[in-house]
Amino acid sequence: MNARLSETAGQRSERYTRALTALTRAIWHDDCTLEAALGKICESAAKALDVSRVNVWRLDADDRKLACLHSYEADSEQHVPAESLETLELDGTYSASLEQVRVVDSTDVKTDPVTSDRGLASYFRRHAIRSVVDAPVRIEGRLFGVICHEQTRFAREWAAEELTFAASMGDFIAMAMEIQRRREAEHQLEHLRLHDSGTDLPNRQYFLEMVQMRLRAPRAAEHVATVVHVRIEMPYATTQSSDGPTAEDAMAAVADILRQRVGAECSIARVRSNGFALLPQRHSTEHEITEFARRCVEVVRSMSPWREVEVGAAVGVVFVSESDASDARGLMRRAEQAADHAALRGRDQLEVFDLEHHRGLVERLHLEQAMRDALANDEFEVHYQLEVCSLDGRWGAAEALLRWRRDGRVCAASEFITVAEGSSLILALGRWVLARACRDAVLWPPDVNGDPLTLRVNLSARQLEDPSLVAKVAESLERAGLPPSRLCLEITETTLMREGIDVIKVLHELKALGVMLAIDDFGTGYSSLSYLKSFPVDVLKIDRSFVAGLPGDRMDAAIVAAVATLAHAIGIEVVGEGVENLAQQDALAKLGVYRVQGWLYAKALPQDEFLALVAKPPVAVPVEG
């Protein structure tokens with residue numbers, strides 16, 4: 001206060017000018033909302049005038065009420081929460097004076113006739129207010145409200161420069177309101193520019209922008225970007241109707257049902273007079289997208305008859321290939337062409353664009369059916385690859401690996417498992433592998449010290465999503481008579497990060513059975529080591545890509561050493577995968593990894609050959625080349 005009194009009029013004016021300049025920049029900033037602007041104005045005014053409180057009020061002259069929009073307490077440097085803002089009843093004296101003046105200034109509110117309004121008096125008493133300088137806020141020439149600068153506890157004389165500055169605050173409130181009005185108008189215009197007026201859905205231009213953003217987003221290797229086009233089919237008479245429901249009525253109805261039934265899974269836009277485009281919210285597998293497109297057909301078909309109008313759909317699907325990954329317009333055209341081709345084949349049809357890709361999809365469907373037949377005909381086998389402890393030269397565990405004996409040839413899982421994971425078949429295969437492996441493991445002999453071998457079985461992401469997983473694991477253990485402590489379930493690192501699965505909950509439920517848990521292919525995903533604190537993990541299996549460079553690759557060595565050190569510190573066992581020679585085994589041992597798995601000691605073998613091998617001590621057989 002003393003500093004303020006010692007200022008000259010010129011110094012005050014200069015300080016106020018600086019404050020106004022800074023405030024102008026602040027409230028015109030694109031990120032400054034109306035609420036933020038009111039807060040900045042109140043706080044700046046309180047600091048510049050050195051007053052106790054600054055409030056912005058909206059005036060309802062007809063009802064003689066003041067409703068507080070924002071309040072700032074200088075003593076506590078706090079903005080008052082919205083729920084604590086006040087409303088005052090007036091008798092008319094004060095509001096009438098606001099219509100006529102640039103500012104209302106009062107050195108003593110108790111004696112000033114303008115501020116002696118009965119509604120204000122109780123307010124002044126509650127807050128110990130002695131002096132005020134209030135500036136009307138006028139918008140387009142009409143009185144909107146008032147900004148009040150209040151001095152508590154002692155009376156205060158107001159200098160001319162202070163009155164001028166206070167009046168400017170009224171103008172700044174009006175400016176903030178106008179900025180907000182313009183922004184709302186701009187947003188409305190932008191909304192109209194990017195939305196269809198008949199359905200209020202995004203239009204073609206907006207959808208293309210969304211597709212372009214999706215094309216730039218990273219995705220997992222098994223996932224694809226896609227566009228689904230839904231072409232609406234209805235009788236020609238409907239499109240020409242003048243008395244019954246029109247084509248626009250039908251499109252609005254279709255838009256509503258799509259929002260209700262699939263809107264949570266995708267962005268929907270109206271991109272043609274008779275067509276909608278759908279963009280799934282997340283990247284999915286081709287199988288998931290195809291199933292989604294089929295549901296779109298069913299959703300539209302479920303409307304018929306709608307107000308005595310038969311409504312159908314022809315749905316086109318296009319998957320993004322590397323050649324068109326940056327072309328949203330081309331992607332849209334392909335989806336529309338696929339829908340048009342579907343319409344030529346009849347009502348409620350689905351078409352996938354690109355004949356070559358479509359043929360591949362058909363081939364995968366054929367492979368899926370062949371796998372279902374193979375499961376029914378007992379053509380699948382489980383082979384086992386042993387794991388060795390390099391410290392004591394004992395077998396320690398064995399991983400169960402699925403094989404398919406097809407047309408006289410044994411096929412590795414890599415040749416067919418992707419197709420299985422893209423459908424519900426992976427659940428049946430996963431249950432079969434677990435049950436067979438548990439039965440086989442019961443027959444395994446102990447090691448030379450009499451300790452039983454651990455069985456490791458892989459779980460897919462689809463299995464983790466299965467609500468019956470924990471029960472199926474318990475059932476397989478019980479039926480086989482295998483102690484839970486002998487089973488270790490392996491989950492890949494990328495599966496742990498998969499959206500839509502409560503992984504931590506599922507893993508804790510599995511741990512409650514008494515089984516062990518391992519992270520397979522560790523280091524290849526996008527997770528943080530900090531996740532190890534959350535997941536109840538017993539084993540980390542370092543991916544073979546880091547083992548392959550040992551002992552020469554310094555980067556691989558550093559990564560393996562860091563993982564091993566961290567894992568041992570928190571009591572997690574580490575296994576090196578893909579070990580093919582003694583140099584790799586020795587390098588891993590020097591880095592603190594003593595359990596190894598790979599062709600150095602054994603390939604994956606069927607149960608009978610496995611039993612013969614496990615009965616003998618491990619012997620290294622380096623891979624040639």
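For the structure, see preceding data.
Everything numeric here is computed off the predicted structure, so don't read it as measured data. (Residues numbered from 1 in each chain as written. Predicted model: local features only at pLDDT ≥ 70, side-chain atom pairs only at ≥ 80, totals over all residues. Heavy atoms only, no water.)

(A) Looking closely at the overall build of the protein chain. Each helix and strand counted, the protein chain has 22 helices and 21 strands in total. For 625 residues, the compact-globule estimate of 2.2 N^0.38 gives 25 Å, and the C-alpha radius of gyration of the protein chain, at 37 Å, exceeds that figure by more than 25%. Based on the C-alpha atoms only, the size of the protein chain along its principal axes is roughly 110 × 75 × 45 Å. The burial tally for the protein chain puts 48% of its 625 residues in the buried class. Across the protein chain, the 71 positively charged side chains and the 95 negatively charged ones have centroids separated by 1 Å. (Helix = DSSP H or I, 4+ residues; strand = E, 2+ residues; numbered from the N terminus. Rg over C-alpha atoms; globule rule 2.2 N^0.38 Å. Buried < 20%, exposed > 50% of the residue type's maximum accessible area, 1.4 Å probe, protein only. Lys, Arg positive; Asp, Glu negative; His and termini not counted. Charge placed at Lys NZ, Arg CZ, Asp CG, Glu CD.)

(B) Region of interest: the packing of helix α16 (residues 469-480) against helix α18 (residues 503-512). Running from N to C, α16 and α18 cross one another at 20°; their axes reach a closest spacing of 10 Å. For the element pair α16 / α18, the angle class is roughly parallel. Judged by the sense of rotation from one axis to the other, the crossing of α16 with α18 is right-handed. Residues Leu469, Val470 and Val473 of α16 form the contact with α18, whose own contacting residues are Val506, Glu509 and Leu510. Per-class residue counts for the contact of α16 with α18 are five nonpolar, no polar and one charged. (Axes fitted to C-alpha atoms, helices over the stretch in contact; angles between N-to-C directions. Parallel < 35°, antiparallel > 145°, perpendicular 65-115°, else oblique. Left-handed = near helix turned anticlockwise from the far one by under 90°. Contact = heavy atoms within 4.5 Å. Nonpolar A, V, L, I, M, F, W, Y, C, P; charged D, E, K, R; others polar.)

(C) Summary view of the pairing of strand β8 (residues 226-233). Counting buried residues along β8, six of its eight residues qualify, which places the element largely inside the surrounding structure. With eight bridges joining them, β8 and strand β11 (residues 312-319) adopt antiparallel strand pairing. Bridging across to β11, arginine 231 finds its partner in alanine 314. Both β8 and strand β10 (residues 275-280) contribute to a ladder of four bridges, which runs antiparallel. Among the inter-strand pairings, histidine 229 is bridged to a residue of β10, identified as alanine 277. (Pairing = 2+ DSSP bridges.)

(D) Examining the pairing of strand β18 (residues 516-522) more closely. The element β18 is extensively covered by neighbouring structure, given that five of its seven residues are classed as buried. In terms of strand pairing, strand β17 (residues 487-492) meets β18 through five bridges, oriented parallel. Bridged to cysteine 488 within β18 is methionine 516.

(E) Looking closely at helix α3 (residues 34-49). For α3, which comprises 16 residues, the first-to-last C-alpha distance of 22 Å matches the rise-based estimate of 22 Å (1.5 Å per residue) to within 8%. Taken together, the buried positions of α3 are Ala37, Leu38, Gly39, Ile41, Cys42, Ala45, Ala46, Ala48 and Leu49. Positive backbone phi, at 60°, marks aspartate 50, one or two positions downstream of α3. (Expected span 1.5 Å × (residues − 1).)

(F) Representation of the pattern of salt bridges in the model. Applying the stated criterion to the full structure yields 47 salt bridges. Two residues, arginine 153 and aspartate 75, come together in a salt bridge whose shortest N-O distance is 3.5 Å. Residue arginine 153 is located in the loop between β7 (142-152) and α6 (160-194), and its partner aspartate 75 is located in the loop between β2 (65-73) and β3 (78-79); the two are separated by 78 residues in the primary sequence. Accessibility expressed as a relative area gives 57% for aspartate 75, which makes it exposed. Here arginine 231 and aspartate 340 are joined by a salt bridge, their closest N and O atoms 2.8 Å apart. You can see arginine 231 sitting in strand β8 and its partner aspartate 340 sitting in helix α11 (residues 328-345), a full 109 residues away along the chain. Residue class for arginine 231 comes out partly exposed when judged on its relative accessible area of 21%. (Salt bridge = Lys/Arg side-chain N within 4 Å of Asp/Glu carboxyl O.)

(G) Spatial organisation of helix α10 (residues 286-301). Spanning 16 residues, α10 covers 23 Å between terminal C-alpha atoms, matching the ideal 22 Å at 1.5 Å per step. Taken residue by residue, α10 has Glu286, Ile289, Thr290, Phe292, Ala293, Cys296, Val297, Val299 and Val300 as its buried positions.

(H) Representation of the side chain of serine 97 in the model. Residue position: serine 97 is located in helix α4 (residues 93-98). The class for serine 97 is buried, based on a relative accessible area of 12%. Contact partners of serine 97, with chain neighbours within four places excluded, come to Val104 and Val114.

(I) The arrangement of the sheet that holds β8 in detail. Across the sheet, which stays open at both edges, the five strands sit in the order β9-β10-β8-β11-β12 with mixed pairing between neighbours. Both edges of this open sheet fall to β9 (266-272) and β12 (349-352), since each of them pairs with a single strand only. On average, adjacent strands in this sheet sit at an angle of 20° to one another, irrespective of strand direction. Two strands pair when backbone bridges link them, and β11 and β12 are joined in this way by four bridges, in the parallel orientation.

(J) Local environment of the packing of helix α2 (residues 9-27) against α6. Running from N to C, α2 and α6 cross one another at 10°; their axes reach a closest spacing of 11 Å. Considering their axes alone, α2 and α6 lie roughly parallel with respect to each other. Between α2 and α6, the residues in contact are Ala9, Arg12, Ser13, Tyr16, Ala19, Leu20, Leu23, Thr24 and Ile27 and Glu161, Glu162, Phe165, Ser168, Met169, Phe172, Met175, Ile179 and Arg183, respectively. Partitioned by chemical class, the residues of the contact of α2 with α6 number eleven nonpolar, three polar and four charged.

(K) Looking closely at the environment of leucine 455. Take leucine 455: it is sitting in strand β16 (residues 454-459). What makes leucine 455 buried here is its relative accessible area of 0%. Linking leucine 455 and cysteine 438, residues 17 residues apart in sequence, is a C-alpha distance of 7.7 Å. What leucine 455 contacts, discounting residues up to four positions off in sequence, is Tyr384, Ala398, Ala400, Ala437, Cys438, Ala441, Trp444, Leu482, Arg486, Leu487 and Cys488.

(L) Geometry of the nonpolar core. If you look at the biggest cluster of nonpolar residues, it comprises 78 residues, and the most contacted ones within it are Met371, Leu455, Leu489 and Leu510. For this core, the leading source of residues is helix α14 (residues 425-441), giving ten residues. With residues up to four places along the chain from it excluded, the contact list for leucine 510 reads Leu459, Leu469, Val470, Val473, Leu489, Val515 and Leu517. (Core = buried A, V, L, I, M, F, W, Y, C linked by side-chain atoms within 4.5 Å.)

(M) Broad picture of the environment of alanine 314. For alanine 314, the location among the structural elements is in strand β11. Using a relative accessible area of 0% as the deciding quantity, one classes alanine 314 as buried. Aside from chain neighbours lying at most four places away, what touches alanine 314 is His229, Val230, Arg231, Glu233, Ala339, Ala342, Ala343 and Gln349.

(N) Layout of the side chain of serine 168. In this structure, serine 168 sits in helix α6. Ignoring anything within four residues of it in the chain, the contact list for serine 168 reads Leu20 and Arg102.

(O) Representation of unusual backbone geometry within the structure. With an omega of 0°, the peptide bond between leucine 550 and proline 551 qualifies as cis. Note that proline 551 resides in the loop between α19 (544-547) and α20 (554-569). Here aspartate 407, not a glycine, exhibits a phi torsion of approximately 50°, which is positive. With respect to the secondary-structure elements, aspartate 407 resides in the loop between β14 (394-406) and β15 (409-412). The class for aspartate 407 is exposed, based on a relative accessible area of 74%.

Shape is all these values report; function is a separate question.
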